[in-house]
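Okay, here's what each chain looks like letter by letter:
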Amino acid sequence: MRVFVTGASGWIGSATVDELLAAGHEVTGLARSDASAAALMAKGVHVRRGDLDDLASIRAGAEAAEAVIHLANKHDFTNPAASAAAERAAVQTIGDALAGTNRPFLLAAGVAGLTRGRPATEDDVSPFHGPDSPRGGSENLALEFVDRSVHAVSLRFAPTVPGTGDHGFIAVIAAVAREKGVSGYPGDGTNRWAAVHRSDAARMVALGLAKAPAGARLHAVAEEGVPTRDIAEAIGRAFSLPVTSIAPDDVQGHFGWIGTFFGMDLAAMSTATRELLGWAPTGPTLIEDLDAGAYSARTPM
Ligand SMILES: NC(=O)c1ccc[n+]([C@@H]2O[C@H](COP(=O)([O-])OP(=O)(O)OC[C@H]3O[C@@H](n4cnc5c(N)ncnc54)[C@H](OP(=O)(O)O)[C@@H]3O)[C@@H](O)[C@H]2O)c1
């Protein structure tokens, strides 16, 4: 299949591209810089130059493809409204380009805010609608395109997708710990984060492209929930730092923007996804990765 991938140079995207190439797909990646374009070309990926704000390029990439996997995101956590607006515009553009074709359109999503007090499942419909909601309500926007004959599928990634060189949320939390000289956890540290190793996440995306029905919500989740206290203790071991509780009222001040997420319970299950795709995660756990030094590169997003 000719697959157009946005975010093909990113953390999840580059591993996904490897899985797609191994499965025999022809991949075109959106690249916004010479460095990203070169990295893609080096592994045999066609390059479409463009930015997330360059909707004409995204539209042309989608129209030329037999499937689209949308993984790019601005990730401006100091200006989430700008990231959300770009995300929504890109999803609208891809959906419009694919309308009436029944072609697959897989898009990245998350598990934050889906449920309260229990792990999220694939049956939990996102409560986020409209441009002012988290991620611009892009999951629901994309899934609404099923009614316009688009084979839309949501890829809900765990809040941490670890692996050596990860620059995501755990790297940011580790950077805060190094800066403050203490590895903190919110409150009693019993709130949990789901996790999935990058290799397993990428394999799930490729399987999702091959097998998921239109309208599916897939959970890239290997570990249902790792207590934030365990995460902080592993960061403390990795960087030889003391570990301490941060009072709930101080979480935002101590952690900055990442405190919003670290203070949340982001547990999620993937029973339905495993059954649907025949997917069985095999990668190391988050704590195993932290203990093995996967975050020693010190390059947070
Ligand atoms: N990693 C996680 O823990 C996690 C958890 C839940 C959801 N997600 C979601 O999964 C998706 C992939 O995440 P990731 O961890 O792979 O992110 P990432 O490593 O930060 O990669 C982001 C990708 O988007 C591209 N990009 C950024 N700004 C762009 C712009 N203005 N125009 C065009 N491309 C742009 C980047 O290109 P360059 O390489 O040129 O910078 C890169 O390819 C995102 O939607 C993310 O929010 C990730």
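Our subject is the structure that appears above.
Here the structure is a predicted model, which is why all the values come from computation and not from measurement.

J.: Which parts of the structure should I look at to understand helix H4 (residues 80-98)?
T.: An α-helix turns once every 3.6 residues. As a result, residues three or four positions apart point the same way. When the terminal C-alpha atoms of H4 are compared, their 27 Å separation across 19 residues agrees well with the 27 Å that a helix rising 1.5 Å per residue should span. Ser83, Ala84, Ala86, Glu87, Ala90, Val91, Thr93, Ile94, Gly95, Ala97 and Leu98 are the residues of H4 that are buried. The inward-facing, buried residues of H4 contact helix H3 (55-63), strand E4 (67-70), strand E5 (104-110) and helix H5 (138-144). Two residues or fewer after H4 comes Gly100, characterised by a positive phi angle close to 85 degrees.

J.: Just to check I follow, could you spell out the environment of Val221 for this structure?
T.: Examined against the element boundaries, Val221 turns out to sit in the loop between strand E9 (217-220) and strand E10 (223-227). Measuring from C-alpha to C-alpha, the distance between Val221 and Val251 comes to 26 Å, with 30 residues separating the pair along the chain. In contact with Val221, not counting residues within four places along its chain, are Ala158, Ala194, Ala195, Val196, Ala268, Met269, Ser270, Arg274, Trp279 and Pro281.

J.: What is the right way to look at the packing of aromatic side chains in this model?
T.: We describe a pair of aromatic rings using the distance from one ring centre to the other and the angle between the two ring planes. One pass over the structure, following the stated rule, counts nine aromatic pairs. Relative to Trp193, the ring of Phe169 lies with its centre 5.9 Å away and its plane at 50 degrees, an arrangement referred to as tilted. Of this pair, Phe169 sits in helix H6 (residues 169-180) while Trp193 sits in strand E8 (residues 192-195); the two residues are 24 residues apart in sequence, bridging distant segments of the chain. Residue Phe169 is classed as buried on the basis of its relative accessible area of 12%. Joined through ring pairs, the aromatic side chains of Phe77, Phe169, Trp193, Phe255, Trp257, Phe261 and Phe262 make up one cluster. Over the ring of Phe239 we find Arg178; its NZ or CZ atom is 5.1 Å from the centre of that ring. Over the ring of Trp11 we find Arg198, and its NZ or CZ is 3.8 Å from the ring centre.

J.: Sorry if this is basic, but what is going on with the site of the ligand here?
T.: Taken together, 24 residues are adjacent to the ligand, and Ser9, Arg32, Ser36, Leu52 and His75 come closest. Between the ligand and Asp51, the relevant distance is 3.2 Å, taken from a nitrogen atom to a side-chain nitrogen or oxygen of the residue. Out of a free accessible area of 900 Å², the ligand has 87% covered by protein chains. Among the secondary structure elements, those contributing two or more residues to the shell around the ligand are helix H1 (11-22) and E5. The leading source of residues in the shell around the ligand is H1, at three residues. In terms of residue class, the shell around the ligand is built from eleven nonpolar, nine polar and four charged.

J.: Help me out: how do you make sense of the side chain of Asp124 in this one?
T.: Along the chain, the position of Asp124 falls in the loop between E5 and H5. We classify Asp124 as buried; its relative accessible area is 11%. A distance of 2.7 Å separates the side chain of Asp124 from the side chain of Arg118, its partner in a polar contact. Here Asp124 is in contact with Thr115, Arg118, Pro119, Arg156 and Arg217, once residues within four sequence places are set aside.

J.: Hey, could you run me through the packing of H3 against H4 in this one?
T.: Relative placement of two packed helices is described by the angle separating their axes and the distance separating the axes. Put simply, H3 and H4 touch, their axes get as near as 9 Å, and they point 35 degrees apart. The two elements H3 and H4 cross, and the hand of that crossing is right-handed. When H3 is examined against H4, the residues Leu55, Ile58, Arg59, Ala62 and Glu63 are found in contact with a partner set consisting of Ala89, Ala90, Thr93, Ile94, Ala97 and Leu98. Grouping the constituent residues of the contact of H3 with H4 by class yields eight nonpolar, one polar and two charged.

J.: Looking at this structure, I do not really get the packing of H6 against helix H8 (residues 228-239). What am I missing?
T.: For the pair H6 and H8, the least separation of the axes is 10 Å and the interaxial angle reads 60 degrees. Comparing the axis directions of H6 and H8 gives the class oblique. For the crossing formed where H6 meets H8, the hand is right-handed. Contacts from Ile170, Ile173, Ala174, Ala177 and Arg178 in H6 reach Ile231, Ile235 and Phe239 in H8.

The rules behind these values
- Residues numbered from 1 in each chain as written.
- Predicted model: local features only at pLDDT ≥ 70, side-chain atom pairs only at ≥ 80, totals over all residues.
- Heavy atoms only, no water.
- Helix = DSSP H or I, 4+ residues; strand = E, 2+ residues; numbered from the N terminus.
- Expected span 1.5 Å × (residues − 1).
- Buried < 20%, exposed > 50% of the residue type's maximum accessible area, 1.4 Å probe, protein only.
- Contact = heavy atoms within 4.5 Å.
- Phe/Tyr/Trp six-rings, centres within 6.5 Å; stacked < 30°, edge-to-face > 60°.
- Lys NZ or Arg CZ within 6 Å of the ring centre and 35° of its normal.
- Near = heavy atom within 4 Å.
- Polar contact = N/O pair within 3.5 Å; in protein donor to acceptor, adjacent residues only side chain to side chain.
- Areas by Shrake-Rupley, 256 points an atom, 1.4 Å probe, with all protein chains shown as cover.
- Nonpolar A, V, L, I, M, F, W, Y, C, P; charged D, E, K, R; others polar.
- Axes fitted to C-alpha atoms, helices over the stretch in contact; angles between N-to-C directions.
- Left-handed = near helix turned anticlockwise from the far one by under 90°.
- Parallel < 35°, antiparallel > 145°, perpendicular 65-115°, else oblique.

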